[in-house]
Amino acid sequence: MSVTGAGRSADLIVINGRVLTMDDGNPAAEAIAIKDSTIIAVGSRAAIEALKGPGTKVIDAEGGSVVPGFIEAHMHLFSGAAELAHLQLAGVHGFEALQKAIRDYASTRLDAKMLVGQGVDYTVLGSERVTRHHLDAILPDRPFVMAAPDHHTMWANTRALEMAGILNGRTLGPGNEIVMGDDGLAAGELREGEAFGPVLDLAGESRVRLGLATGGEPDPMPTAAERAADRDIMRRGLAWCARHGITSIQNMDGNLYQLELLAEIEAEEGLPCRVQIPFHYKNFMTLDMLDKASDMAGRYDSEWLSSGMVKVFYDGVLDSWTAVMVEPYADRPDWVGEPLFTPQQFIDLAVAVDRRGLQIAVHSIGDGAVRAVLDGYEAARKANGKRDSRHRVEHIEVITTTDVPRFAELGVIASMQPPHPPGAMDFPLEPTISRIGPARWPLSYAWRTLKDAGARVVFASDWPVSPIDPILGIQAAVLRKPWADSDPDQSFSLHEALAGYTVEGAYAEFAEHRKGSLKPGYMADLVVLSADLEATAPETLHKVRPVTTICGGKVTYQA
Ligand SMILES: [Zn+2]
């Protein structure tokens, strides 16, 4: 055992735990001591109890695992928090069930300007595609819209389309589409943010969506009451993270307004999680607007609240054929998707962001998008010189053999989501696996292949796309099964999966010397779990629950 600050008694000790330190030099321990928001010792129960003084708080882990606080490396805090109040449609199948869920919800929300549902499967009506007519039959006179779990497609009824002024269609930017019906009117399916934005804005949550939709700031500026309401939404999201053992959030949308709300909460009562909010660069922006990204990075640079990242979407998703592929979709042989940036635009952007010393994280789902983004990072390295840039590619649902080794070569982080492979958790196999086609299955969601090729693989939920629970993600990674016997095994060991939610997350934010593992001198961010993860059968890992979450030495959640 090693102790820093020896001779002083601890503020808090955790004893009787199965401590998985994620520190290779000292992998297992029984107890931990914390003082002044920092871990001062990790070791045997006797050694840690020796640091107990009259004022020391003692937490008995009762034999459960004690692990580093989970680092959520890709999520959407503000919109996820707001969605906790929407109709939850995950697991609803068939017209009758959908009808009942929507009508029940509508009857409890008589004042809602727009009723919003979340998490509806693309295949909720089997092979029949959802149209406004289905939704009109369920709810004819009140506006209703519902989102697919991936948040890239929504379906609205006629009333909602009318109110949003898009029943007759509208010309949109690349990659966005209001699907039109044979009658010349919108069919109800809305692909990507420009298509469904006008509908969602009627729900009165436009400020919540800004960080994702445009990266812009509220205009007009919110009133004091609106700001207070927005802080409450943020608080709800932060509490949701703490109860799931999360102590650090790498948010994947953002604006200055979100940083300001979080700073206000920090000033009022302190934050229960550390949060990084990126600048969101959209394809209608110009490179000089990156000044704002640098400004955000300069203004917010603490251990609790930071920026320093530019988030970009290069493509959409497989299910709506908006992900960009190298070869055509297996079920649409004339189509490879449409990128949100031209390859050259992205190269120029990557060079400009990298020159500012900022980190880049790019949503790239198709193998064509992954390639274009890696090309951008390579160009940035060539233009600005090699540095420890840790640029990231988000999702990587499909990759080509030639691009696999480029992650290690370019020092690029593979940011992947164990809940996302169809069949792994909540997402059904179809339509996704038919879009990909068997020829590309071996390199789909290929985190094992990438890790074996030397890539740093960081894990996350992409909440609210998937449930936020990191333990569910760990379970999904451990239990991952191939779609065909001939496909390679992409599963992770428990330790590797846990690393994806801890040490790798710390690396992704240049903080591996301060968090992500349990070592003296590190931030006192940890979770006490209800059982011993290593002694739990993988099939029942989901039953293991956070009992106590500690962030910066403070208890932020207690079951
Ligand atoms: Zn995301």
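What you see as residue numbers is a count from 1 along each chain, following the sequence as written. Residues qualify for local features only when their pLDDT is at least 70, as the model is predicted, and side-chain atom pairs are given and counted only at 80 or more; totals for whole chains, interfaces and linings, by contrast, use all residues. Excluding hydrogens and water, the side-chain figures rest on all heavy atoms present in the structure.

Under an unreviewed UniProt entry, the name given to the protein is Amidohydrolase, and the organism recorded is Mesorhizobium qingshengii.

Participant: Whenever I open this one, the overall build of the protein confuses me. Can you help?
Facilitator: Secondary structure assignment for the protein yields 18 helices and 27 strands. For a compact globule the rule gives 2.2 Å times the number of residues to the power 0.38, and the radius of gyration it is set against comes from C-alpha atoms. For a compact globule of 559 residues, the expected C-alpha radius of gyration is about 24 Å, and the protein comes in at 23 Å, within 12% of that figure. Three exposure classes are used, based on accessible area relative to the maximum for each residue type with a 1.4 Å probe and protein chains only: buried under 20%, partly exposed in between, and exposed over 50%. Taking all 559 residues of the protein together, 60% fall into the buried category. Once local pairs closer than 6 in sequence are excluded, the contacts in the protein between residues at least 24 apart make up 73%. Only carbon and sulfur atoms are counted for the fraction: they give 53% of the accessible area of the protein, which is about 20,500 Å². Neither His nor the chain termini are counted; the positive set is Lys and Arg, and the negative set is Asp and Glu. Lys charges are placed at NZ, Arg charges at CZ, Asp charges at CG and Glu charges at CD. Here the protein carries 52 positive and 75 negative side-chain charges, and the mean point of each set is 4 Å from the other. Working definition: helices are DSSP H or I runs of at least four residues, strands are E runs of at least two. Numbering for both runs from the N terminus. Contact between two residues is taken to exist if any of their heavy atoms lie within 4.5 Å; hydrogens are not considered. Only the protein chains shown count as covering a residue, and every accessible area follows the Shrake-Rupley method with a 1.4 Å probe.

Participant: Looking at this structure, I do not really get the nonpolar core. What am I missing?
Facilitator: Considering soluble globular proteins, one finds that nonpolar side chains tend to be buried as a cluster. Among the buried residues, those of types Ala, Val, Leu, Ile, Met, Phe, Trp, Tyr and Cys that are joined through side-chain atoms within 4.5 Å form a nonpolar core. Counting residues in each nonpolar core, the largest one holds 130 residues, and the members touching the most others are Leu98, Phe346, Phe407 and Leu450. Of all the elements, helix H12 (residues 367-384) adds the most residues to this core, at eight residues. With residues near it in sequence (within four places) discarded, Leu98 still touches Leu89, Val92, Val120, Val124, Leu135, Ile138 and Met146. If you look at the next biggest cluster of nonpolar residues, it comprises 19 residues, including Leu167, Ala186, Leu190 and Val199.

Participant: Whenever I open this one, the pattern of salt bridges confuses me. Can you help?
Facilitator: Opposite charge on two side chains makes pairing possible when the charged atoms of those side chains draw close. We count a salt bridge whenever a side-chain nitrogen from Lys or Arg sits within 4 Å of a carboxyl oxygen from Asp or Glu. Per the counting criterion, the structure on display carries 39 salt bridges. For Arg132, the salt bridge identified is with Asp183, shortest N-O distance 2.9 Å. Here Arg132 is found in helix H4 (residues 132-138), whereas its partner Asp183 is found in the loop between strand S14 (177-180) and strand S15 (186-191), with 51 residues between them in sequence. Linking Glu303 and Arg514 is a salt bridge whose minimum nitrogen-to-oxygen distance equals 2.9 Å.

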